[in-house]
Every structure is written in C-alpha cells, then in structure tokens.
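The primary structure of each chain is shown beneath.
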Amino acid sequence: MNKKANVLDNNAMKRALTRIAHEILERNKGVDGLMLVGIKTRGVPIANRLRERIKEIEGVEVPIGELDITLYRDDLTHVDEAHEPQLNDANLREQVSGKNVVLVDDVLYTGRTVRAAMDAIMDQGRPSQIQLAVLVDRGHRELPIRADFIGKNIPTSQNEIITVELAEIDQTDSVSIYEKE
C-alpha cells in the first residue's frame, strides 16, 4: 500500500472529537439518559475520549460500554469447531433500555459494522434511541445507514483505504489514506 495523504493529525483529531462531543450534548439536550458505546477495537478509545470531553464540558461522567460485534457480522462465511468465533459479550456497565445510546466507531464505510452493532445493542435491551458517532465517514454505503455525528467526511475510491491510528493502541494519533497496489 502506498500512503497518499495524512488527513488528520493529533490536533485535528482533538478538535473533531471536541466538536462531536458538543454536537452530542446539543442534540441530546445534555447528559440525561445518555450512554456512549464504543465498537471494538478503535471505537472504544474514541468513546472514552468523547466521555472525557463531555465531562470537561458538563462536569458529569456519562455511562460507557464496549461492544464486540464479531458474531453479529453477516460476512462470517465459515465456522468450524477448531476456529469457532468466541462470543465476547457486550461490556455494558449499565442497561441500555430507555437510554439514548450513541454508538461510536472510527470509520463508517459500508454500514455493515453499524448494523451488526445495532443488533447487538437490541439484544441487550430497548434503547430510546440509537445514534451514531464516527471519526471518519468515507462513503460507499451498502446499507441505508448514516452517521449523526461525523469528525471528518473523506470521500474515497474503492481503491483506497482509510487507516485510523490511536495513541491507546498504535502509540500515535493520525488518520491517513492509502492506495491499494
């Protein structure tokens, strides 16, 4: 893969997440009934960062959870006993029923991950509302899904890949575009 461009650096990412936090608070009229749920892997640290920003703004820690959507994916084509996927249950410290749940992920692409995450959330309870916050929306939807809160729209071709690096996982913060060879 060839790197085409670095789209967001550390400071640009901070600004985007601060803006998303403000938009979440505005749309939900504060923190009452609000819950953030990060989609593993990179959605979890982004959700934690949003939680920190919301605490700085409102002085309140909103409930947070983690979601592993592996078994909810519709693109798992082969399962055998030796390689059976493990159910990594949702780590939701609070019930989702009656909450305004904001799903958080790094990149919105086809919409399949978000669909799987919504199925996983619905298995945990019945939220009042499910909203979606993503750091990057790159287009190319296969399902009728859209983000409510977007850090950066990056139109891409099918020949490009968006790579999100987060300090908590990758020791650096950046969003880059790579071209497939």
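These numbers were taken from a predicted model, which means no experiment stands behind them.

Each value, and the rule that gives it
Per-chain numbering applies: the sequence of each chain, read as written, is numbered from 1 onward. Where totals are concerned, whole chains, interfaces and linings use all residues; where local detail is concerned, this predicted model gives features only for residues with pLDDT of at least 70, and gives and counts side-chain atom pairs only at 80 or more. The basis for every side-chain value is the complete set of heavy atoms in the structure, and neither hydrogens nor water enter the calculation. Under the DSSP-based scheme used, a helix requires at least four consecutive residues in state H or I and a strand at least two consecutive residues in state E, with every element numbered from the N terminus. For every residue, the accessible area (1.4 Å probe, protein chains only) is compared with the maximum for its type, and the residue is labelled buried under 20%, exposed over 50%, or partly exposed between those bounds. Contacts were defined at the residue level, with two residues in contact if any of their heavy atoms lie within 4.5 Å. Any two strands are treated as partners once DSSP identifies two or more bridges connecting them. Interaxial angles span 0 to 180 degrees and are taken between N-to-C directions of axes, which are lines fitted to C-alpha atoms, for helices over the stretch in contact. Nonpolar core, defined: a set of buried Ala, Val, Leu, Ile, Met, Phe, Trp, Tyr and Cys residues in which side-chain atoms within 4.5 Å join the residues together.

**Student:** An account of the environment of Asn48 is needed here, citing residue identities and associated values.
**Tutor:** Mapping Asn48 onto the fold places it in helix α2 (residues 43–58). The class for Asn48 is partly exposed, based on a relative accessible area of 31%. Residues Asn48 and Val104, spaced 56 residues apart in sequence, show a C-alpha to C-alpha distance of 9.6 Å.

**Student:** Mind laying out the environment of Ala47, listing which residues take part and the relevant values?
**Tutor:** With respect to the helices, strands and loops of the structure, Ala47 is situated in helix α2. On the basis of relative accessibility, which here comes to 1%, the residue Ala47 falls in the buried class. Residues in contact with Ala47, not counting those within four places in the same chain, are Leu36, Gly38, Ile64 and Val104.

**Student:** Explain the sheet that holds strand β2 (residues 34–39) to me, using residue names and the numbers behind them.
**Tutor:** On the basis of which strands lie adjacent, the open sheet formed by six strands has the order β4-β3-β2-β5-β6-β7 and mixed pairing. At either margin of the open sheet sits one strand with a lone partner, and together these are β4 (91–92) and β7 (149–153). Here five bridges tie β2 to strand β5 (residues 100–108), and the two strands are oriented parallel to one another. Bridge pairing in β5 places Leu34 opposite Asn100. Contacts between helix α1 (residues 10–27) and the sheet are confined to β2, β5, β6 (129–137) and β7, with β7 contributing the most and set at about 150° to the helix. Sheet strands in contact with α2 are β2, β3 (64–67), β5 and β6, and its direction is about 150° off that of β2.

**Student:** Mind laying out the nonpolar core, listing which residues take part and the relevant values?
**Tutor:** In this structure, Ile24, Leu50, Ile54, Leu135 and Val175 are the most contacted members of the largest nonpolar core, which totals 31 residues. Contributions of two or more residues to this core are made by α1, β2, α2, β5, β6, β8 (160–165) and β9 (174–179). The biggest single contributor to this core is α1, with eight residues. Apart from residues lying up to four places away in sequence, Leu50 is in contact with Leu17, Ile20, Ala21, Ile24, Leu36 and Val104. Membership of the second largest hydrophobic core comes to 19 residues, among which are Met35, Val96, Leu103 and Ile121.

By themselves, these figures tell us nothing about what the structure is for.
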